[in-house]
Amino acid sequence: MPDYHERLWPTPWIYAVSLLLVPASILVLAPVSLPAGVATGIVLYFATVGALSFTAPVIDVHEGRLRAGRAEIPLEYTGTAVGATDAAARVERGTGLDARAFLVIRGWVQPVVRVPITDPADPAPYWLLSTRHPTELAAAINGSRRPEPTERGA
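This write-up is about the structure you can find in this document. The structure displayed is predicted, hence computed values, not measured ones.

Reading the values: the criteria
- Residues numbered from 1 in each chain as written.
- Predicted model: local features only at pLDDT ≥ 70, side-chain atom pairs only at ≥ 80, totals over all residues.
- Heavy atoms only, no water.
- Phe/Tyr/Trp six-rings, centres within 6.5 Å; stacked < 30°, edge-to-face > 60°.
- Helix = DSSP H or I, 4+ residues; strand = E, 2+ residues; numbered from the N terminus.
- Buried < 20%, exposed > 50% of the residue type's maximum accessible area, 1.4 Å probe, protein only.
- Lys NZ or Arg CZ within 6 Å of the ring centre and 35° of its normal.
- 1 Å grid on protein atoms, 1.4 Å probe; cavity = no way out; pocket = protein on both sides within 12 Å on 5 of 7 lines; lining within 4 Å.
- Points joined across faces, edges and corners; volume = space filled by probe spheres on them.
- Nonpolar A, V, L, I, M, F, W, Y, C, P; charged D, E, K, R; others polar.
- Core = buried A, V, L, I, M, F, W, Y, C linked by side-chain atoms within 4.5 Å.
- Pairing = 2+ DSSP bridges.
- Axes fitted to C-alpha atoms, helices over the stretch in contact; angles between N-to-C directions.
- Contact = heavy atoms within 4.5 Å.

1. Overview of the packing of aromatic side chains
If you walk through the whole model with that rule in mind, you get two aromatic pairs. Here Tyr45 and Phe46 contribute two aromatic rings whose centre-to-centre distance is 5.3 Å and whose plane-to-plane angle is 70°, an arrangement assigned as edge-to-face. Ring geometry for Phe102 versus Trp127: centroids 4.7 Å apart, planes at 50°, classification tilted. A residue pair is termed long-range when its members are at least 10 positions apart, and Phe102 in strand S6 (residues 102–104) and Trp127 in strand S8 (residues 126–130) qualify at 25 residues. Taking relative accessible area as the criterion, Trp127 reaches 5% and is therefore assigned buried. We note Arg7 situated over the ring of Trp9; from NZ or CZ to the ring centre the distance is 5.2 Å.

Here it is in C-alpha cells:
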C-alpha cells in the first residue's frame, strides 16, 4: 500500500469548458454540413476529455521512492519536502522558480510541494509538484525517507 497516492485529475470546470468545442465546431462547419459540425464537435469533446484524463500524472510515495509522472527518485536523494499554498505557491510556480527544476505542475491544481534533490549528479535542484494535499504529500515524503545507512564494524 503506498504511503501517498494522487492522480492530478482536471477539475470539473475544465471538462465543462471543453464542451465549448461542440458549438465552436457547429459554427465552423454549419455552412458545409450541420450534422458534420455536431459530429465533429462531439468527437473533439470526447477526444479532449480522453486526452486530459489519460495524461493526468500520478504522484506516488511508496517503498522509499517518489514517483511523479514518469520520473522516479529514491527518497534517500531528497531533502525535506515543503508544501506551499496560496501566495507562496504562486511564488514557487512563478518568480521563485528555478529554470533547472523538474516540474509536474498543473494549472488547475494551485498548491505545490517543493522537494529538494540532494544527489550531486542530478542537474535539477528540486522537484516542484502540484498536489491538492500539500501537507499530506510533504509528510509522506518526509516520513517515508529511509534512515541513513549505519557504519558497520568498529
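That was the structure; now back to the text.
2. Some details on the layout of surface pockets
The volume enclosed by the largest pocket comes to roughly 160 Å³. Around the largest pocket, the lining residues are Thr55, Pro57, Val58, Ala68, Gly69, Arg70, Phe102, Leu103, Val104 and Arg106. Considering every element that reaches the lining of the largest pocket, the biggest residue donor is S6, with three residues. Its residues placed into classes, the lining of the largest pocket shows six nonpolar, two polar and two charged.

3. Structural notes on the nonpolar core
Counting 21 residues, the largest nonpolar core has Leu66, Trp127, Leu129 and Ile141 as its most contacted members. Of all the secondary-structure elements, those providing two or more residues to this core are strand S2 (58–62), strand S3 (65–68), strand S4 (71–74), strand S7 (112–116), S8 and helix H5 (134–144). When residues in this core are grouped by element, the largest group, four residues, is from H5.

4. Concerning unusual backbone geometry
The backbone of Glu63 shows a phi angle near 50°, a positive value even though the residue is not glycine. Take Glu63: it is sitting in the loop between S2 and S3. In this structure, Asp86 takes a positive phi of about 50° despite not being glycine. Positionally, Asp86 belongs in helix H4 (residues 86–93).

5. Examining the sheet that holds S7
Taken together, four strands build an open sheet; the order of strands is S5-S7-S8-S6 and the sheet is mixed. A single partner strand is all that each edge strand has here, and the edge strands are strand S5 (82–84) and S6. When strand polarity is set aside, the average angle formed by the axes of neighbouring strands in this sheet is 20°. When S7 meets S8, the two strands line up antiparallel, connected through five bridges. Paired with Val113 across the strands is Leu129, a residue of S8. Its contacts with the sheet place H4 against S5, S7 and S8, and it is angled at close to 55° to S7. Against the sheet, H5 engages S5, S7 and S8, with an angle of about 20° to S7.

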